Amino acid sequence: AQSVTQLDSHVSVSEGTPVLLRCNYSSSYSPSLFWYVQHPNKGLQLLLKYTSAATLVKGINGFEAEFKKSETSFHLTKPSAHMSDAAEYFCVVIHTGTASKLTFGTGTRLQVTL
Amino acid sequence: DTGVSQNPRHKITKRGQNVTFRCDPISEHNRLYWYRQTLGQGPEFLTYFQNEAQLEKSRLLSDRFSAERPKGSFSTLEIQRTEQGDSAMYLCASSLSPGLAGYNEQFFGPGTRLTVL
């Protein structure tokens with residue numbers, strides 16, 4: 001079975017400083033991985049996806065993630081946090097097969113302070 | 001706005017009552033998914049449709065839950081004899097069928113928050 005583990009339930013950074021949200025995955029083969037963001041009262045939005053092409057994936061709003069097979073990690077980073085980045089972030093793995101159902105991590109709440 | 005819409009956005013009900021939620025997907029999407037998100041957790045897969053056919057149901061979906069997509073467009077999720085443990089955010093997502101890449105992005109609605117008293 002495929003799964004993801006988000007290592008931090010809550011991360012707080014100052015505006016303008018780097019963001020690091022950590023995610024480890026478990027899979028018997030090369031997975032497809034995603035990061036989604038959930039703002040209050042809004043639907044989940046896809047930030048970026050890794051589907052076995054380039055290991056460094058660039059997403060929207062300046063976010064990027066690097067797939068590291070040796071470390072089974074897919075950490076999300078951003079060089080400089082903005083107040084509007086405050087939200088819940090989910091690391092997600094997709095189940096192969098016909099369903100394409102998503103398995104979400106437990107989420108990391110990102111707080112951005114002045 | 002041509003995104004996924006869900007109604008109602010909030011529902012408060014008493015234990016034992018039946019509730020029904022509606023999801024309107026993006027019009028050209030043939031796949032529709034239901035997920036449930038409880039407090040402090042990530043969403044969990046419940047079921048999905050391809051056109052009007054319900055192709056998979058999670059073990060989380062007890063006999064009290066039923067979902068339909070009668071014409072391959074909107075979908076309804078009904079919970080009978082609600083229990084306090086059913087309190088959660090119910091999320092709907094839609095997508096096209098997976099292509100050669102094996103995946104097409106799922107677009108999520110804002111969810112229906114259910115509170116069972």
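Presented here is a report on the structure given in the accompanying data block. Being a predicted model, the structure only gives us computed values, none of them experimental. (Residues numbered from 1 in each chain as written. Chains lettered and ligands numbered in written order. Predicted model: local features only at pLDDT ≥ 70, side-chain atom pairs only at ≥ 80, totals over all residues. Heavy atoms only, no water.)

**Let's talk about the sheet that holds strand β1 (residues 5-7) of chain B**
Residue and element names in this part refer to chain B.
Here comes step 1: Spatially, β1-β3-β8-β7 is the arrangement adopted by the 4 strands of the open sheet, whose pairing is antiparallel. Each having just a single partner strand, β1 and β7 (65-68) make up the two edges of the open sheet. Between one strand axis and the next, the sheet turns through 15° on average, direction left out of account.
Here comes step 2: Both β1 and strand β3 (residues 19-24) contribute to a ladder of 3 bridges, which runs antiparallel. Paired with Ser5 across the two strands is Asp24, which belongs to β3. (Pairing = 2+ DSSP bridges. Helix = DSSP H or I, 4+ residues; strand = E, 2+ residues; numbered from the N terminus. Axes fitted to C-alpha atoms, helices over the stretch in contact; angles between N-to-C directions.)

**Focus on the state of the cysteines**
Here comes step 1: For the structure shown, the criterion picks out 2 disulfides over all chains.
Here comes step 2: Note on cysteine connectivity: Cys23 of chain A is disulfide-linked to Cys91 of chain A, with sulfurs 2.0 Å apart. Across the S-S bond linking Cys23 of chain A and Cys91 of chain A, the dihedral sits near -65°, which makes this disulfide left-handed. In this pair, Cys23 of chain A is assigned in strand β4 (residues 23-26) and Cys91 of chain A in strand β10 (residues 87-94), connecting sequence segments 68 residues apart.
Here comes step 3: Classification of Cys23 of chain A as buried rests on a relative accessible area of 0%.
Here comes step 4: At a sulfur-sulfur separation of 1.8 Å, the disulfide partner of Cys23 of chain B is Cys92 of chain B. On the sign convention where negative means left-handed, the S-S torsion of about -65° between Cys23 of chain B and Cys92 of chain B marks this disulfide as left-handed. In this pair, Cys23 of chain B sits in strand β3 while Cys92 of chain B sits in strand β9 (residues 88-95), placing the two residues 69 residues apart along the sequence. Accessibility assignment for this pair places Cys23 of chain B and Cys92 of chain B in one class, buried. (Disulfide = S-S within 2.5 Å. Buried < 20%, exposed > 50% of the residue type's maximum accessible area, 1.4 Å probe, protein only.)

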